[in-house]
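# Analysis of the macromolecular model
Below are the chains, spelled out letter by letter.
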Amino acid sequence: MALMSYDRLTPLMDYQQFITCKVKNKKYEVVSIPPTFRYVAGQAEELYKWTGFLDKIDDMKYTTDERKNFLKSRFGYWTSFKGNPPGIIVGMEGE
């Protein structure tokens, strides 16, 4: 039997945007949002499909109240595209 160790695992910067969801009634219900989350154009289509995102911002760990308020204030803008952001989406620059 081989022994397995997770000692060499390291976080991948590309995955800083991942949120935790569960599927409920064929919809993605947000369970938690990482403190590294940023709104990016490449995720606008997905953000529109998630339920409970706005409510979970207050539950974010290791995130200042100022950042939480900012994320809440910008939620309407990022979901206003209704899954179809205008123009060409390039990169993962975000806010």
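Data block above holds the structure.
These remarks concern the structure in this document. (Residues numbered from 1 in each chain as written. Predicted model: local features only at pLDDT ≥ 70, side-chain atom pairs only at ≥ 80, totals over all residues. Heavy atoms only, no water.)

### Let's talk about the packing of aromatic side chains
- On inspection of all chains with the given rule, the structure shows seven aromatic pairs.
- A centroid spacing of 5.5 Å and a plane angle of 85° characterise the contact between Phe 37 and Tyr 39, whose relative ring orientation is edge-to-face.
- On the basis of relative accessible area, Phe 37 is assigned to the buried category, the value being 1%.
- The class for Tyr 39 is buried, based on a relative accessible area of 1%. (Phe/Tyr/Trp six-rings, centres within 6.5 Å; stacked < 30°, edge-to-face > 60°. Buried < 20%, exposed > 50% of the residue type's maximum accessible area, 1.4 Å probe, protein only.)

### Remarks on the sheet that holds strand β3 (residues 50-51)
- Strand order in this open sheet of three strands is β1-β2-β3, and the pairing throughout is mixed. Looking along the sheet, the strands with just one partner apiece sit at the ends: β1 (20-24) and β3.
- Summarising the sheet, strand β2 (residues 27-32) and β3 pair through two bridges and their orientation is parallel. Each bridged residue has a counterpart across the sheet, and for Glu 29 the counterpart in β3 is Thr 51. (Pairing = 2+ DSSP bridges. Helix = DSSP H or I, 4+ residues; strand = E, 2+ residues; numbered from the N terminus.)

### Digging into the environment of Gln 43
- Secondary-structure assignment places Gln 43 in the loop between β2 and α1 (44-47).
- Residue classification places Gln 43 among the buried positions, given a relative accessible area of 14%.
- Sequence separation between Gln 43 and Gln 17 is 26 residues; the distance between their C-alpha atoms is 9.0 Å.
- Setting aside its immediate chain neighbours within four residues, Gln 43 contacts Gln 17, Phe 37, Arg 38 and Trp 50. (Contact = heavy atoms within 4.5 Å.)

### Notes on unusual backbone geometry
- Despite not being glycine, Lys 26 has its phi angle at roughly 65°, a positive value.
- Looking at where Lys 26 falls in the secondary structure, it is placed in the loop between β1 and β2.
- Of note, Tyr 62 is a non-glycine position whose phi angle comes to about 55°, a positive value.
- In this fold, Tyr 62 is placed in the loop between α2 (53-56) and α3 (65-79).
- Judged by relative accessible area, Tyr 62 falls into the exposed class, the value being 77%.

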